[in-house]
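Overview (structure and organization)
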Amino acid sequence: MKNIGIVTGASSGLGKGIAIEIAKGFDIDELWLIARRKERLVELGKEIYENYGVNVVLMSLDLIDEKSLQKISERLESQKPNIKILVNSSGFGVMGDSSEMNRKVQEDMILLNCKALFSLTNICTNYMSRGSGILQIASVAGFCPQPYFAVYSATKAFVLSYSMALSKELKKRGISVSALCPGPVNTEFFDICERDAKMENMIKKMFIKSPNFVVKRAIKGYLKKKTVIVPGITMKLLSIIEGLYIKQLSSILAYKIYKKFN
Ligand SMILES: NC(=O)C1=CN([C@@H]2O[C@H](COP(=O)(O)OP(=O)(O)OC[C@H]3O[C@@H](n4cnc5c(N)ncnc54)[C@H](OP(=O)(O)O)[C@@H]3O)[C@@H](O)[C@H]2O)C=CC1
Ligand SMILES: N[C@@H](C=O)C(=O)O
């Protein structure tokens, strides 16, 4: 059976960086790279094949479109591979006054950051086995309901909560789930996000990290099977103030209570 990795959002930023690290260091036969921009995927696929000898499958798909998820599902069903690692990095955020912002943009944030991430995770767990793992790209924004980033921070709270709970459910199958929660990272994310709120992002830029820094910590945390990975000391402190340990404790308690009575 073929061992594969799947990375969404592979055309730029964290997804691209993580895809390269997987190709470098993971024992896989094939890497599926997913995003909309085909030319970017072709470029990355070439780099990965030439430098690391890993076969790539390029899937130029809009994950907001349900048909894209069907295509991935059909391909998995026809090949029945063993998914060693799934990375859900596709996502975007737009700042602004939620009641004044375009509704479609906000709905799309929910569809991509939450719905597509959930659907792909749910599809892929059917093709995972002991030793497989899932790396979800959440955000420190998931710890804090942020005014003027209301929908985005809510989508990341979903990713964080879903991933923390799922990690307990999948433990019995030997599958790890890690939620990466970075603070601001210097990627194309801010080209989209900054449309409405330059001032806010000037503050964020004081704490900005390079994608390389975040990718390295993401892989390290994933390999240690950490449920929540927060890169950098400032963001770690912020996440603790915003309740990281309380969330972790209540999730463990909820799991123990469920197990006792079921
Ligand atoms: N940068 C930051 O400060 C932080 C980012 N994050 C999260 O990290 C993740 C990656 O973001 P980052 O790398 O920074 O930003 P980028 O903008 O560099 O990457 C976003 C990726 O998502 C893909 N994407 C966007 N829309 C779609 C779509 N409809 N269908 C499929 N793929 C799509 C993009 O590819 P394409 O356009 O080709 O489709 C791109 O590859 C996101 O989930 C983001 O929320 C979390 C914390 C901080
Ligand atoms: N963490 C960043 C995005 O998710 C931010 O808060 O801008």
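These numbers come from a predicted model, not from an experiment.

Some thoughts on the site of ligand 2
Close to ligand 2 lie Ser139, Val140, Phe149, Tyr152, Pro182, Gly183, Pro184, Phe189, Phe190 and Lys204, which account for all nearby residues. Note that an oxygen atom of ligand 2 is positioned 2.6 Å from one of the side-chain N or O atoms of Ser139. Within the backbone of Pro182, a nitrogen or oxygen atom sits 3.2 Å from a nitrogen atom of ligand 2. Surface burial for ligand 2 is 93%, taken as the share of its 230 Å² of free accessible area covered by protein chains. Here ligand 2 is seated within the largest pocket. Per-class residue counts for the shell around ligand 2 are 7 nonpolar, 2 polar and 1 charged.

Regarding a nonpolar patch on the surface
A cluster of nonpolar side chains, namely Leu249, Leu253, Ile257 and Phe261, defines an oily patch on the protein surface of about 460 Å² accessible area. Residue placement: Leu249 occurs in helix H10 (residues 244-261). Since its relative accessible area comes to 53%, Leu249 is described here as exposed.

Focus on the packing of aromatic side chains
Each aromatic ring pair is specified by the distance between its two centres and by the angle formed by the two planes. Inspection of every chain in the model, using the stated rule, returns 6 aromatic pairs. Pairing Tyr152 with Phe189 gives two aromatic rings, centres 5.4 Å apart and planes at 55°, and the pair type is tilted. A residue pair is termed long-range when its members are at least 10 positions apart, and Tyr152 in helix H5 (residues 150-171) and Phe189 in helix H6 (residues 189-193) qualify at 37 residues. Take Tyr152: its relative accessible area is 6%, and that puts it in the buried class. Cluster of aromatic residues (ring-pair linked, three or more members): Phe149, Tyr152, Phe189 and Phe190. Lying across the ring of Trp32, Arg75 places its NZ or CZ 5.5 Å from the centre. Sitting above the plane of the Phe213 ring, Lys209 keeps its charged end 4.7 Å from the centroid.

Examining the environment of Pro231
You can see Pro231 is positioned in the loop between strand S7 (228-229) and helix H9 (233-241). Distance from Pro231 to Phe213, taken between C-alpha atoms, is 8.0 Å for residues 18 residues apart in sequence. Contacts of Pro231, omitting those with residues within four sequence positions, involve Leu180, Cys181, Pro182, Phe213, Val214 and Arg217.

Here's the deal with a positive patch on the surface
A surface patch of like charges, here positive, comprises Lys209, Arg217, Lys220, Lys224, Lys226 and Lys236. Assignment of secondary structure puts Lys236 in helix H9.

A closer look at the site of ligand 1
Near ligand 1, the surroundings consist of 30 residues, among which Ser12, Arg36, Tyr152, Val185 and Thr187 are the closest. The separation between an oxygen atom of ligand 1 and a polar main-chain atom of Ser89 is 3.2 Å. Protein contacts shield 96% of the accessible area of ligand 1, which totals 880 Å² for the unbound molecule. Here ligand 1 occupies the largest pocket. Every element with two or more residues in the shell around ligand 1 is listed here: helix H1 (13-25), H5 and H6. Considering only residue class, the shell around ligand 1 consists of 15 nonpolar, 10 polar and 5 charged.

Rules used throughout
Residues numbered from 1 in each chain as written. Chains lettered and ligands numbered in written order. Predicted model: local features only at pLDDT ≥ 70, side-chain atom pairs only at ≥ 80, totals over all residues. Heavy atoms only, no water. Near = heavy atom within 4 Å. Polar contact = N/O pair within 3.5 Å; in protein donor to acceptor, adjacent residues only side chain to side chain. Areas by Shrake-Rupley, 256 points an atom, 1.4 Å probe, with all protein chains shown as cover. 1 Å grid on protein atoms, 1.4 Å probe; cavity = no way out; pocket = protein on both sides within 12 Å on 5 of 7 lines; lining within 4 Å. Sits in = over half its atoms within 2 Å of the grid points. Nonpolar A, V, L, I, M, F, W, Y, C, P; charged D, E, K, R; others polar. Patch = residues over 30% accessible without salt bridge, like charges linked within 9 Å, V, L, I, M, F, W, Y side chains within 5 Å. Salt bridge = Lys/Arg side-chain N within 4 Å of Asp/Glu carboxyl O. Helix = DSSP H or I, 4+ residues; strand = E, 2+ residues; numbered from the N terminus. Buried < 20%, exposed > 50% of the residue type's maximum accessible area, 1.4 Å probe, protein only. Phe/Tyr/Trp six-rings, centres within 6.5 Å; stacked < 30°, edge-to-face > 60°. Lys NZ or Arg CZ within 6 Å of the ring centre and 35° of its normal. Contact = heavy atoms within 4.5 Å. Lys, Arg positive; Asp, Glu negative; His and termini not counted. Charge placed at Lys NZ, Arg CZ, Asp CG, Glu CD.

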